[in-house]
Amino acid sequence: MRLDSDTLKQLADEILTFIEQREAEQVAYGVYDVTMTGVEVINGFQPSEDIQRVVDDKAGAVTDALKQLADELQIIIFNKVESPPDWVFRSRIAETVRLLTKLRQRIVRYDNEKPRHRLGNSKRLVADVKFSVASRRVPRRNIPVQTCMTPLLNGSREQQQTANLLLEAIATKLKKLRQMSGFQQRTLHRILEAIELDAQEGIEKGVVVTASTGAGKTYAFFLPILAKMVLERCLRGRIGVKAICIYPRIALSENQLTDFIEVLFHLNQVLLKHNLPPLTIGLESGAAVYQIQDFQSTSDERKQQLSKMRGWSFKEEYGGYLSPFAYCVGTKGKFCSNDKQPLLVRPTQPQTLICPACAKEYPFIQFARDVMAEHPPDLLIATTESLHRRLLSTRYQYLFGTGNFCAPSVVMLDEIHLQTSTAGTQVALLLRRLLARIRMGQRDRNEQQNLAFVGLSATIAEPVQFLSDLSGISVTRIKQVTPADDEMQTIGAERYIFVRAEENEDTAVISTLIQTAMCVLHTMPQPANGRYRTFGFVQSL
């Protein structure tokens, strides 16, 4: 019996993981020119229980999977034979590791030296490479989002209306949120209990969410924040910041901003349909300008200033400044449907970001501080450094609650496991100042709302105690959420390549980093849509 396409792909993924794990064992002993044969895979591979239930002929199924891996160029075949059992091959990732060991810095100072130059005479860049493969385990998303919304659907009239608005947006446009995992459901409930469902006593409550990268922590905390913003802004008419999301690095904040913009764009379409005000999002980082009128000038001096200091580059063909952080959600049949298209602000319409490809407008994104002062965003995206500066300045206290604007109900800090040593102590002091300032803003308005502090992290030791030390909230008021073992499923694999730069050659570590990144990207299968985004980390330059 032939396998269906989905089962065959799952089997091919399992076989590829098996091949790579065997290769990693040999790479650990310094054997980089590693190869395997098809018969080794057929005899040694054991499929998972899910595959075993539907596979009658293991050898035939493995042979079909090997053919698929070869068609997808996931394995490189070195002998020209038709029968997969007789193939001699290595995986694409093992070939990448082999190429990394051969990286050299080729420097030819004069053109007439090029014909005589030999790569073997160039300086080595890589001293050692370690390679490991582990099965990728992620939470199984098998809970309908309607089930997750039960606490709101069983609540007050306002809470029911909020749940229905969110479900309408998810059902029409947000496919990625239609199914949730168990830990995402529990996170949603814990945060909603703290800020909406439980008695509001004007106290801080903590929620620490620990899960591996790619498990879905972002949407786990973002959905209850969306619910709170809809309740407060759209149904209760409160103006001001409802939630602050804090990131340790600008790159992380801008990466998350892309997901938030997509969700808010489609949710605002639903709110507009029901004659409700839109939700807004504001960026508090180096890309934010102080005055919106900065974009009304197209002088060379202004162009250079915005490009160098803020990252906004002027494009003559579009007649405006391209945003360094916001991208279009895409329109079918347009350039932005397949590629990431930066949004644009034109001098004639400086307050609104527009997609130059499809002309969609994004008026809910706030990127100028004078605009935010008049109407603070419902959701504020900030870095620890920018938040520190705003807390010190009397000009920006509207972000934390005043007589005119409500105080935030949720503060989220991403990657809390990074907050250690001296830098972690500084962030802990920043958080204590922030929570105290928000309490002051609530007192100014005679409000008794609870404040939820949410910490997100990969696996970390004693997460409840860690969050307590970081925020000052008692451990008795902190709840932990993490995926359970029986909620996990294996999907593909995670590959780790550790490169040690050559120390005995007169070469720079940055050269090794650049050449390693280029080698990895050029040898990886290219994505069907878009491009890879690569982050390079080195211990020391």
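Check the entry above for the structure.
On a predicted model such as this, the values are computed, not experimentally measured, just so you know.

## Observations concerning the packing of helix α9 (residues 182-197) against helix α10 (residues 217-235)
Moving on, step 1. Their axes nearest at 8 Å, the elements α9 and α10 cross at an angle of 35°. As for how α9 packs across α10, the hand of that crossing is right-handed. Of the residues in α10, those in contact with Phe183, Gln184, Thr187, Leu188, Ile191, Leu192, Ile195 and Glu196 of α9 are Lys217, Tyr219, Ala220, Phe221, Leu223, Pro224, Ala227, Lys228, Leu231 and Glu232.
Moving on, step 2. Here the residues of the contact of α9 with α10 are counted per class, giving twelve nonpolar, two polar and four charged.

## Regarding the side chain of arginine 369
Moving on, step 1. If you trace the backbone, arginine 369 turns up in helix α13 (residues 369-374).
Moving on, step 2. Reaching out from arginine 369, the side chain makes a polar contact with the side chain of glutamate 284 at a distance of 2.6 Å.
Moving on, step 3. Within polar-contact distance, the side chain of arginine 369 engages the backbone oxygen of alanine 288 at 3.1 Å.
Moving on, step 4. The residues touching arginine 369, leaving out its near neighbours within four places in the chain, are Glu284, Ser285, Ala288, Val289, Tyr290, Arg310, Arg390, Tyr396 and Tyr398.

## Quick word on unusual backbone geometry
Moving on, step 1. In this structure, glutamate 415 is a non-glycine residue whose phi angle is positive, near 55°.
Moving on, step 2. Here glutamate 415 shows up in the loop between β19 (410-413) and α15 (421-444).
Moving on, step 3. Of the residues examined, glutamate 415 reaches a relative accessible area of 22% and is grouped as partly exposed.
Moving on, step 4. Within the chain, serine 421 stands out as a residue other than glycine whose phi angle is a positive 60°.
Moving on, step 5. The topology assignment puts serine 421 in helix α15.
Moving on, step 6. Using a relative accessible area of 61% as the deciding quantity, one classes serine 421 as exposed.

## Here we look at the sheet that holds strand β11 (residues 281-284)
Pairing between the strands of a sheet is mediated by backbone hydrogen bonds and can be parallel or antiparallel.
Moving on, step 1. Spatial ordering of the open sheet is given by β17-β11-β18-β10-β19-β20-β9-β21, a layout of eight strands whose pairing is parallel. Edge strands, defined here as strands with exactly one partner in the open sheet, are β17 (365-366) and β21 (478-481).
Moving on, step 2. Contacts from helix α14 (residues 384-392) reach β10 (243-247), β11, β18 (379-383) and β19, with the element oriented near 105° to β18.
Moving on, step 3. Where α15 meets the sheet, its contacts fall on β9 (204-210), β10, β19 and β20 (451-457), and the angle it forms with β19 comes to roughly 170°.

## Observations regarding the packing of aromatic side chains
Moving on, step 1. All told, the structure shown has 13 aromatic pairs when counted by the stated rule.
Moving on, step 2. Ring geometry for phenylalanine 18 and phenylalanine 45: centres 5.8 Å apart, planes at 70°, overall edge-to-face. Placement of phenylalanine 18 in helix α1 (residues 5-27) and of phenylalanine 45 in the loop between α2 (38-44) and α3 (49-52) is noted, with a sequence separation of 27 residues between them.
Moving on, step 3. What makes phenylalanine 18 buried here is its relative accessible area of 9%.
Moving on, step 4. Plain terms: the ring middles of tryptophan 312 and phenylalanine 325 are 5.7 Å apart, the flat faces sit at 85° to each other, and that makes the pair edge-to-face. Of this pair, tryptophan 312 sits in the loop between α12 (300-310) and β12 (313-315) while phenylalanine 325 sits in strand β13 (residues 320-327); the two residues are 13 residues apart in sequence, bridging distant segments of the chain. In this structure, tryptophan 312 and phenylalanine 325 share a single accessibility class: buried.
Moving on, step 5. Among the aromatic residues, those joined into a cluster by ring pairs are Phe295, Trp312, Phe314, Tyr321, Phe325 and Phe367.
Moving on, step 6. Looking at arginine 369, its charged tip hangs above the ring of tyrosine 290, at a distance of 4.4 Å from the centre.

Reading the values: the criteria
Residues numbered from 1 in each chain as written. Predicted model: local features only at pLDDT ≥ 70, side-chain atom pairs only at ≥ 80, totals over all residues. Heavy atoms only, no water. Axes fitted to C-alpha atoms, helices over the stretch in contact; angles between N-to-C directions. Helix = DSSP H or I, 4+ residues; strand = E, 2+ residues; numbered from the N terminus. Left-handed = near helix turned anticlockwise from the far one by under 90°. Contact = heavy atoms within 4.5 Å. Nonpolar A, V, L, I, M, F, W, Y, C, P; charged D, E, K, R; others polar. Polar contact = N/O pair within 3.5 Å; in protein donor to acceptor, adjacent residues only side chain to side chain. Buried < 20%, exposed > 50% of the residue type's maximum accessible area, 1.4 Å probe, protein only. Pairing = 2+ DSSP bridges. Phe/Tyr/Trp six-rings, centres within 6.5 Å; stacked < 30°, edge-to-face > 60°. Lys NZ or Arg CZ within 6 Å of the ring centre and 35° of its normal.

Any functional reading would require information that these geometric values do not contain.
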